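# Per-entry structural report
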Amino acid sequence: MRFTTPPRPFDVAGVFPQLAPLARTATRLHPRPGSPTVHDSSVGGPLLWPADEPWPHCDEPHVRLMPDSPVFSPEDERQWRRALATGEAGTRNGPGRPWPEGPIAMLPVAQLYARDLPLPGPSSADLLQVLWCPFDHGSQPKTALRWRFSAEISHVLQSPPEPSAIQHSFYLPEPCLLAPEQVVEYPHPLELSDQLQQQLADPGPWEAAGVVVHEHSDDDDEDESASYDFYRHTLSISPGWKVGGWTRWGLTDPQPRFCPVCATEAIPLLTIASTEWNAGSESWMPQEERSTPTPLLPRSNPAGFTQVTLAHGYDLQLHICPLSPDHPQIELIQ
Ligand SMILES: [Zn+2]
Ligand SMILES: [Zn+2]
């Protein structure tokens, strides 16, 4: 499995040299449904978990806001998805499962081996594992990270515990294999200086460089100039699941993200996305899938291969302290 982002239409740092030192490498993960093992980098796959280490549980309160909407177990959900895939499913009804009491076993969200992609941050570990509690904590699940040295794990936990129910089906990631690909990103325009933002919005420099600005017919902000919008959608930040790169903004303007322990500015680690691309970011759709699209389950988000939806279609971006792997991550919905 290999996915290739089409080259950007032109080198934006060639026209705006102030951008050149801001270039960052991001690794697009390109998760697609598959059968990962504990030895694979994956989304929603089994984790290389030491047999003698307790599985993480969430013991925070889990409040049932809609008592009439049933909740289901992860296995109920898997059966439902298999039925959807074969066209068998009608509507899902029935009482569902009891609302769970007590601590909730967390679910695997992602497992990333450093042999497959560079892992940001201060840890020298070669394996990052991300789990979450599949219940709303505010508007998002609550995450847990583990940094590991994979060679130290000789006995792997065979049957990790699962929650007896999950709050939303879209908090159960579909098992996916990854096809990591590195791309270059530039900051969201609102993270640039006022002067550079004005230059990006001015058609003059673009015309002088002979650049054809592609307008987005679906533009969600009519106040933006076409060139500013083109930069934001096409030239700055890649969509979908990714590691590293620049922070995506969309729900709010950029905010400071400081480590809660040492107040150092946190860096982007993993972006957990509701969609791999949408109408505004179609230019990032892999070349291979333009001719041969990967099948999607019925009722999925556009390019929603992982079946994950966060905060009605936004992304959960984990940021970490660049100084210590022991300092807690920051969860940012954008
Ligand atoms: Zn929880
Ligand atoms: Zn820190």
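First, a word on what this report is: a plain description of the structure on this page. Being a predicted model, the structure only gives us computed values, none of them experimental. (Residues numbered from 1 in each chain as written. Chains lettered and ligands numbered in written order. Predicted model: local features only at pLDDT ≥ 70, side-chain atom pairs only at ≥ 80, totals over all residues. Heavy atoms only, no water.)

### A word on the overall build of the chain
What counts is decided by this rule: Counting from the N terminus, the helices are the DSSP runs of H or I reaching at least four residues and the strands are the DSSP runs of E reaching at least two. Put simply, the radius of gyration uses C-alpha atoms, and a globule should come to 2.2 Å times the residue count raised to 0.38. The buried label applies to any residue whose accessible area, calculated with a 1.4 Å probe on protein chains only, is under 20% of its type's maximum; exposed applies above 50%, and partly exposed to all values in between. Should any heavy atoms of two residues lie within 4.5 Å, those residues are counted as being in contact. Note on areas: Shrake-Rupley with a 1.4 Å probe; residue coverage comes only from the protein chains shown. His is not counted, nor are the chain ends, whereas Lys and Arg count as positive and Asp and Glu as negative. The location of each charge is read from NZ of Lys, CZ of Arg, CG of Asp or CD of Glu.
Assigned secondary structure in the chain consists of 6 helices and 14 strands. Taken over C-alpha atoms, the radius of gyration comes to 21 Å for the chain, in line with the 20 Å a tight globule of 334 residues would show. Along the first, second and third principal axes, the C-alpha atoms of the chain reach 65 × 45 × 40 Å. With 334 residues in all, the chain has 50% of them scored as buried. Taking contacts inside the chain between residues at least 6 apart in sequence as the whole, the part at least 24 apart equals 78%. Carbon and sulfur atoms make up 52% of the accessible area of the chain, which totals about 15,700 Å². Between the mean site of the 21 positive side-chain charges and the mean site of the 42 negative ones, the chain shows a separation of 7 Å.

### Section: a nonpolar patch on the surface
This is how it is decided: Patch building starts from residues that exceed 30% relative accessible area and form no salt bridge, then joins like charges within 9 Å and nonpolar side chains (Val, Leu, Ile, Met, Phe, Trp, Tyr) within 5 Å. Only one rule defines a salt bridge in this text: a Lys or Arg side-chain nitrogen within 4 Å of an Asp or Glu carboxyl oxygen.
A surface patch of nonpolar side chains, about 350 Å² in accessible area, is lined by Val63, Leu65 and Met66. Inspection of the secondary structure assignment puts Val63 in the loop between β4 (57–58) and α2 (74–85).

### So, the packing of aromatic side chains
Let me state the cut-off plainly: Each pair of aromatic rings taken from Phe, Tyr and Trp, with Trp reduced to its six-membered ring, is defined by centres within 6.5 Å and is described as stacked if the planes are under 30 degrees apart, edge-to-face if over 60, and tilted in the remaining cases. By definition here, charges over rings are those cases where NZ of Lys or CZ of Arg is within 6 Å of the ring centre and within 35 degrees of the ring normal.
If you walk through the whole model with that rule in mind, you get 9 aromatic pairs. Plain terms: the ring middles of Phe170 and Tyr171 are 5.3 Å apart, the flat faces sit at 90 degrees to each other, and that makes the pair edge-to-face. By relative accessible area, Phe170 is classed as partly exposed at 29%. An aromatic cluster is built from Phe10, Phe16, Trp206 and Phe230, whose rings are joined through pairwise contacts. Between Arg148 and the ring centre of Trp49, over which it is positioned, the NZ or CZ distance is 4.3 Å.

### Observations regarding helix α5 (residues 226–236)
Burial runs high along α5: 10 of the 11 residues are buried. All of the buried residues along α5 are Ser227, Tyr228, Asp229, Phe230, Tyr231, Arg232, His233, Thr234, Leu235 and Ser236. Packed against the buried residues of α5 are α1 (12–15), β10 (181–185), α3 (194–201) and α4 (203–208).

### Considering unusual backbone geometry
Here the phi dihedral of His30 falls at roughly 50 degrees; this positive angle occurs in a residue that is not glycine. One can find His30 in the loop between β1 (24–28) and β2 (32–33). Located in the positive-phi region is His312, a residue other than glycine, with phi close to 65 degrees. By the secondary structure assignment, His312 is in the loop between α6 (287–291) and β13 (316–320). For His312, a relative accessible area of 83% gives the class exposed.

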